[in-house]
Structures are given as structure tokens and as C-alpha cells.
Amino acid sequence: MEGMKRPEAIVLPDSSLIPSDCLISPPPNQFTHEVARSQPFYASRGLPSGPPTGQFEAGAKVVLLYHDGGELCRVVDAAGHYVDTRFDGLRKM
């Protein structure tokens, strides 16, 4: 179309993808907790060694799957992201 400009395509790095072993399908439709404040999440298991994989917004609904008493816990959100995030940023529903 004349006069229409297309944006330049960008290829995101592999690190921008969530690994397939960190996705649950189908995602849950019932939740146990809500994110109290905006906070990062990490797809890597154990202590995060790099930048966050993504960000939960305040009010995001999650299912708490595992918490051993440390600062991080394992949750799954409505999109099926099976990730680590800070436990103290969650509020029981």
C-alpha cells in the first residue's frame, strides 16, 4: 500500500522464550494466591542466576505449588507459566 510504512522486524533472543518445561497445559482455572505487588518471575529452577524471565503485575492470579520456607516459591499462572517468584509478594485468596 502506498504511503504505508512497516516497522522493521526484530528477532528476539532465545532467552526471551520461556522453556517448554516451564509451561503447563492446560493452564489452571482456579487459583490459591494473588500477586500483591508487581514482581519478577524466573523460569530457571533454584536461585535465579540471570535477569528475570518476566514480570507479574499486581493482582495476577497464581496457584502456589511449592514453598520450602525460603524467599522463592514455585507457582503457575493463568497463562501456564510454571515459574519461581518471591513468596512474600503473594497474598492468599
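Asker: Help me understand the nonpolar core in this model?
Answerer: Burial of nonpolar side chains together is a common tendency in soluble globular proteins. If you look at the biggest cluster of nonpolar residues, it comprises eight residues: Val35, Phe41, Phe56, Val62, Cys73, Val75, Val83 and Leu90. Among residues more than four places away in sequence, those in contact with Val75 are Phe56, Val62, Val63, Leu64, Leu65, His81, Tyr82, Val83, Thr85 and Leu90.

Asker: Help me understand the pattern of salt bridges, please; the structure alone is not making it clear to me.
Answerer: When the charged atoms of two side chains lie near each other, side chains of opposite charge can form a pair. Tallying each qualifying case throughout the model produces six salt bridges. Between Glu71 and Arg86 there is a salt bridge, with its nearest N and O atoms 3.1 Å apart. Here Arg86 lies in strand 6 (residues 82-86) and Glu71 lies in the loop between strand 4 (61-66) and strand 5 (72-77), a separation of 15 residues in the sequence. Using a relative accessible area of 31% as the deciding quantity, one classes Arg86 as partly exposed. Taking the shortest distance from any N to any O, the salt bridge between Asp84 and Arg74 comes out at 3.0 Å. On the criterion of sequence distance, the pair formed by Asp84 in strand 6 and Arg74 in strand 5 is long-range, its members being 10 residues apart.

Asker: In this structure, what is going on with the confidence of the model for the protein? I would like to understand it.
Answerer: Should pLDDT be low for a region, the predicted coordinates there are not to be read in detail. This prediction gives the protein a mean pLDDT of 88; 91% of its residues lie at or above 70. Averaged pLDDT values for the elements of the protein fall to 92 in strand 3 (residues 54-56) and rise to 98 in strand 1 (residues 33-35).

Asker: Before we go on, may I ask you to explain the packing of aromatic side chains in this structure?
Answerer: To describe a pair of aromatic rings, you give the distance between the ring centres and the angle between the ring planes. If you walk through the whole model with that rule in mind, you get one aromatic pair. Aromatic pair Phe41 and Phe56: ring centres 4.7 Å apart, planes at 40°, arrangement tilted. With Phe41 in strand 2 (residues 39-41) and Phe56 in strand 3, this residue pair connects regions lying 15 residues apart in the sequence. Phe56 matches Phe41 in its accessibility class, with the two residues each being buried. The residue whose ring lies beneath Arg74 is Tyr82, and the NZ or CZ to ring-centre distance is 4.2 Å.

Asker: Got a minute to help me understand the pairing of strand 5 in this structure?
Answerer: Side-chain direction in a regular strand flips from residue to residue, so the side chains alternate between the two faces of the sheet. Judged by how many residues are buried, strand 5 sits mostly within the fold: six of six residues are covered. Burial along strand 5 is two-sided: the residues Leu72, Arg74 and Val76 and Cys73, Val75 and Asp77 are all buried. Taken together, the four bridges between strand 4 and strand 5 define a ladder with antiparallel strand orientation. Its bridge partner lying in strand 5, Leu64 is registered against Val75. Count of turn residues in the strand 4/strand 5 antiparallel hairpin: five residues, of which Gly69 carries a positive phi of about 100°. Relative to strand 6, strand 5 runs antiparallel, the two sharing five bridges. Looking at the pairing, Val75 lines up with Val83 of strand 6. Counting the residues in the hairpin turn of strand 5 and strand 6 gives four residues, including Gly80, whose phi is positive at 90°.

Rules used throughout
- Residues numbered from 1 in each chain as written.
- Predicted model: local features only at pLDDT ≥ 70, side-chain atom pairs only at ≥ 80, totals over all residues.
- Heavy atoms only, no water.
- Core = buried A, V, L, I, M, F, W, Y, C linked by side-chain atoms within 4.5 Å.
- Buried < 20%, exposed > 50% of the residue type's maximum accessible area, 1.4 Å probe, protein only.
- Contact = heavy atoms within 4.5 Å.
- Salt bridge = Lys/Arg side-chain N within 4 Å of Asp/Glu carboxyl O.
- Helix = DSSP H or I, 4+ residues; strand = E, 2+ residues; numbered from the N terminus.
- pLDDT = per-residue confidence, 0-100.
- Phe/Tyr/Trp six-rings, centres within 6.5 Å; stacked < 30°, edge-to-face > 60°.
- Lys NZ or Arg CZ within 6 Å of the ring centre and 35° of its normal.
- Pairing = 2+ DSSP bridges.

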